[in-house]
Amino acid sequence: MGFSIQKTTEPNSDHAIAGAASGFITRFLCQPLDVIKIRFQLQVEPISKDHVSKYRSMPQAFLLILREEGPTALWKGHVPAQFLSTVYGMVQFYSYNIFTKMLQRVPQIEEWHHTTHFIAGAGAGSVATTVSFPFDTVRTRLVAQSSNHRVYKGVLHSCSSILRQESPRAFFSGLLPTLLQIAPHTGLQFAFYGFFTDFYKKYTTGTDINIYNSMLSGSTAGLIAKTIVYPFDLARKRLQIQGFQHGRKGFGKFFQCNGLVDCLRVTVKEEGVRGLFKGLVPSQVKAATTSALHFTTYEQVLLLLKILR
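All values reported here derive from a predicted model rather than from experimental measurement. (Residues numbered from 1 in each chain as written. Predicted model: local features only at pLDDT ≥ 70, side-chain atom pairs only at ≥ 80, totals over all residues. Heavy atoms only, no water.)

Counting all residues, the mean pLDDT for the chain is 84, and 91% of those residues have values of 70 or more. For residues 1-7, every residue scores under 50 in pLDDT, and the model assigns this stretch 27 contacts once sequence neighbours within four places are set aside. (pLDDT = per-residue confidence, 0-100. Contact = heavy atoms within 4.5 Å.)

Attention shifts here to the UniProt feature "repeat: Solcar" (unreviewed entry) in the chain. UniProt's entry tags residues 10-102, 112-199 and 209-304 with the feature "repeat: Solcar" (unreviewed entry), counted in the numbering of this structure. Within the segment residues 10-102, helix and strand shares are 73% and 0% respectively, and the terminal C-alpha atoms sit 15 Å apart. (UniProt positions renumbered as here; feature names shortened; annotations may be inferred. Helix = DSSP H or I, 4+ residues; strand = E, 2+ residues; numbered from the N terminus.)

For the structure on display, the rule yields 14 aromatic pairs. Ring centres of Phe 40 and Tyr 55 lie 6.5 Å apart, and the angle between their planes is 45°; on these two criteria the pair is classed as tilted. A residue pair is termed long-range when its members are at least 10 positions apart, and Phe 40 in helix H1 (residues 12-42) and Tyr 55 in the loop between H1 and helix H2 (58-69) qualify at 15 residues. The exposure classification of Phe 40 matches that of Tyr 55, with both residues buried. Seen from their ring centres, Phe 195 and Phe 196 are 5.2 Å apart, and the 75° between their planes marks the pair as edge-to-face. Assessed through its relative accessible area of 39%, Phe 195 is described here as partly exposed. One residue, Arg 238, lies across the ring of Phe 255, its end atom 4.4 Å from the ring centre. (Phe/Tyr/Trp six-rings, centres within 6.5 Å; stacked < 30°, edge-to-face > 60°. Buried < 20%, exposed > 50% of the residue type's maximum accessible area, 1.4 Å probe, protein only. Lys NZ or Arg CZ within 6 Å of the ring centre and 35° of its normal.)

So, on to the packing of H1 against helix H3 (residues 78-103). At a minimum axis separation of 7 Å, H1 and H3 run at an interaxial angle of 145°. For H1 against H3, the interelement crossing comes out right-handed. Of the residues contributing to the contact of H1 with H3, the split by class is 10 nonpolar, 12 polar and 2 charged. (Axes fitted to C-alpha atoms, helices over the stretch in contact; angles between N-to-C directions. Left-handed = near helix turned anticlockwise from the far one by under 90°. Nonpolar A, V, L, I, M, F, W, Y, C, P; charged D, E, K, R; others polar.)

A word on the nonpolar core. Ile 36, Phe 40, Leu 42, Tyr 55, Ala 61, Ile 65 and Ile 241 are the most contacted members of the largest nonpolar core, which has 15 residues in total. Contributions of two or more residues to this core are made by H1, H2 and helix H4 (113-144). If you tally residues by element for this core, the top one is H1, at 5 residues. Counting 14 residues, the second-largest nonpolar core is a separate cluster that includes Ala 18, Phe 93, Ala 221 and Phe 295. (Core = buried A, V, L, I, M, F, W, Y, C linked by side-chain atoms within 4.5 Å.)

Following the sequence through the fold, Thr 137 ends up in helix H4. In the structure, Thr 137 is positioned 24 residues away from Ser 161 in sequence and 13 Å away in space, judged by C-alpha atoms. With residues near it in sequence (within four places) discarded, Thr 137 still touches Ala 170, Phe 171, Phe 172, Ser 173 and Gln 240.

Turning next to the side chain of Arg 139. Among the structural elements, Arg 139 can be located in helix H4. Residue class for Arg 139 comes out buried when judged on its relative accessible area of 3%. Apart from the residues lying within four places of it in its own chain, the contact partners of Arg 139 are Arg 27, Asp 34, Ile 38, Gly 77, Pro 80, Ala 81, Leu 84 and Lys 237.

Moving on to the side chain of Thr 297. Residue position: Thr 297 is located in helix H9 (residues 280-308). A relative accessible area of 12% places Thr 297 in the buried class.

For the pair H1 and H2, interaxial distance at closest approach is 10 Å and the crossing angle is 100°. The orientation of H1 relative to H2 falls into the category roughly perpendicular. Mapping the contact onto sequence places Leu 33, Val 35, Ile 36, Arg 39 and Phe 40 in H1 and Met 58, Ala 61, Phe 62, Ile 65 and Glu 69 in H2. Along the lines of polarity and charge, the residues of the contact of H1 with H2 split into 8 nonpolar, no polar and 2 charged. (Parallel < 35°, antiparallel > 145°, perpendicular 65-115°, else oblique.)

Written as structure tokens, this is what we have:
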């Protein structure tokens, strides 16, 4: 199927359609986890039950958002996030298939199939991130703002406000740490997914990638990959809200920095090394869940398209 290093027979359009469907479904189901993760990442104060902070744990944050902002707040920024996930999923799996076919021309590449998964995944993740990044910036701004101090009324208003008050470059704020994060993250995700699917098939009677294999392999791959590159994800979110102080009233101290290195430096100085992993738990839960859904949905839609052809 989609991750065998053997010659693939599906047309490139099938991989794009399966990737888009995978991104759409996964985003809809996992958006609340993303909202909580972003709120944690942007909070300068410690996330601890022993500290007077706005958000102190996942259950507390979940209930507080419901009480203060209502159920819809858990899907805040969902429209640009849905654009982000659909476009990202489509470009990612399409690019991955293209890169894989290019690498298949290399002599004796079958002996290095896990390395091939990593290289193709890193390239696909970088391309997909660059194409979809403006949606990520808009999504982060919408999630970051308080419902009681709304600066942006919606997607179109946020886009026009950023263009008018800042510049087109603001849509790509945080792109460097994102690429530094996403290239190894996506590469590791695909490599670990390939490794665990092979491991699963080796110790079970199955010969193809089934739904159980996809779920287990995808969740494990997502969990490990996200943990390794997490500090860059935190830096990306903090860079995306620079110049957005007026929309963060009621959320505590505003985090200010100038660039990736300064962001990491200030975080460690003010919050300690643990600050680089703030929001890691909801991020791990989200990574395991979304990766499992992403790969499983992709494989199943690809199979459905093959049957319908």
